[in-house]
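Structural overview
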Amino acid sequence: MEQEKIKEGVLPHDSEWNDSDKVFDQLNKDFEAVIAKDILTVTEAVQNGKPLLGFFTQGTPEIFAALDLPRWFAATMQLMALRSEEAPKIIDFSAQLGLTTFMCSYVKAGVFLLQTGSFPTPTMLIGATEPCDGNVALWQMASEYRPWANIPKFLIDIPYGMDKLDIDDARVRYLAEQIKASTSFMEEHCGRKMDIDHLKQVCDESNRARQLWWEFQELRRAVPTPVSFLWGQPVYALNQVLACGKPETTEWMQRLVDATEKRVKERKGIGGVTDKIRLLWYDLTPSWGHKLFPQLEKDFGAVVSMEMLGWMPPLTPIDTSTEEAIYESLAKRYSIGPPMLRQGMASLDTYCNDLVHIVNDFKIDAVILPGHVGHKNTNAVVKICSDVCRETGVPSLFLGCDVYDERYMTANEVYEKIGRFLSATNFA
Ligand code: SF4
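Residues numbered from 1 in each chain as written. Predicted model: local features only at pLDDT ≥ 70, side-chain atom pairs only at ≥ 80, totals over all residues. Heavy atoms only, no water.

Okay, the sheet that holds strand β2 (residues 71–73) next. Taken in spatial order, the 4 strands make up an open sheet running β2-β1-β3-β4, and their pairing is parallel. Two strands close off the open sheet at either side, each with one partner strand: β2 and β4 (153–156). Neighbouring strand axes in the sheet, compared pairwise and without regard to direction, differ in orientation by 15 degrees on average. Looking at chain direction, strand β3 (residues 124–128) and β4 are connected through 4 bridges and run parallel. Bridged to A128 within β4 is I156. (Pairing = 2+ DSSP bridges. Helix = DSSP H or I, 4+ residues; strand = E, 2+ residues; numbered from the N terminus. Axes fitted to C-alpha atoms, helices over the stretch in contact; angles between N-to-C directions.)

What follows is the structure in structure tokens.
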């Protein structure tokens, strides 16, 4: 896949960005520059035969940053592929291999990238047993992919239910030991040793940026909604994927917080829209959202105030007092922090409690349960979620769409369903 297409695909289209303010425009450009730099680093590693990690999980970005190890994240490339114009062809490819059409489009994109040789050839691979069965099956396919037969591989086993831990739970140590073992694996195959003092510095910087992420999220509680919900995604990508633990990320986050704070003080809503209805989109943002959300804002004053990828759950900072404390902190954060993993591997209590917290914190008027077709786990608990919404005093609507394949349910059909729902609940 052409690099330009990948670059285009990762960002929402310009029309999605309602923020006209110059500071936000600059933040957007700077984010694009980080993506371009990341792509260049990977390309150079491939061209010069340098160590390159292929990573099939969301993982612990502080470790790669401290090792200064070029790496690509399969999940990011899958997302970029699904946002490209070639998405329908990419999604349909796995059916030609005889795989089930009910598989998540995200996983289908991974199958396409793997089987067409579109993942840059790595010199080592790390996977994990998260966040869902489909993704684990993709790892198995990657493990057995013939051209990668001689590439060393490491699998991190993540225990379920890490949201319910006692102070001294053996599961934390179990995962911490695996993260440490995966670090030794990377050291062995990249020829560099981890400098623990440097890892501590990276974790401290990551903590500072996370604190700003939290402040940004707190500002987003304001009425009117100060920034497009899409800003949650570059924040996630910078902190969790592209540039974790780097001072540039902390500086970018500070500018974002300052600009958002200014908007809150001025009581400026996004794109001149004063939210009449604040929605929670309780799933991943659809790749076809640019056809839906601006129309909902315009016709109903219905603004999405929060979605799943851009929401950060409350997490404790990384304890950098000792090496052991760092690895245990990373284990805790890894096992309950990243989206999809949190919703797929933590308990139903956490899934529902998160919903209630977001509704209360962000003054949500109505909840959309998109029911992405790949999410068998969350689709199985729709009734429970609807009941939780009713008990919390907000109406909810279940859609049953594919957030990456508009052919399954078009943006127009979703618009119609939400419009009828808002009328039925007396919002419109
Ligand atoms: S979107 Fe859901 S089903 Fe698809 S890979 Fe992520 S967790 Fe799995």
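Moving on from the coordinates now.
Below, the discussion takes up the environment of S396. Residue placement: S396 occurs in strand β8 (residues 396–398). Put simply, S396 and V381 are 15 residues apart on the chain and 13 Å apart in space, counted from C-alpha to C-alpha. Not counting residues up to four positions away in its chain, the partners in contact with S396 are V367, L369, S386, C389 and F421. (Contact = heavy atoms within 4.5 Å.)

The next subject is the nonpolar core. Counting residues in hydrophobic clusters, the biggest one holds 121 residues, and the most contacted among them are F56, W72, W148, M186, W281 and L292. Leave out the neighbours within four places in its chain, and F56 touches W72, A74, F119, L125, I126, G127, A128, N135, L138, W139, A142 and W148. Grouped together as the second largest cluster of nonpolar side chains are 19 residues, W311, F362, I364 and V381 included. (Core = buried A, V, L, I, M, F, W, Y, C linked by side-chain atoms within 4.5 Å. Buried < 20%, exposed > 50% of the residue type's maximum accessible area, 1.4 Å probe, protein only.)

Another point: the site of the ligand. Near the ligand the following residues occur: C104, Y106, V107, P131, C132, L284, M340, H372, G374 and H375. Considering only residue class, the shell around the ligand consists of 7 nonpolar, 3 polar and no charged. (Near = heavy atom within 4 Å. Nonpolar A, V, L, I, M, F, W, Y, C, P; charged D, E, K, R; others polar.)

Along β3, 5 of the 5 residues are buried, which leaves the element largely enclosed by surrounding structure. Residues M124, I126 and A128 line one face of β3 and the alternating positions L125 and G127 line the opposite face, and both faces are buried. Here 4 bridges tie strand β1 (residues 53–56) to β3, and the two strands are oriented parallel to one another. Counterpart to L53 in the pairing with β3 is M124. Once you follow β3 into helix α7 (residues 133–143) and on to β4, the crossover reads as right-handed. (Right-handed = clockwise from strand over helix to strand, strands pointing away.)

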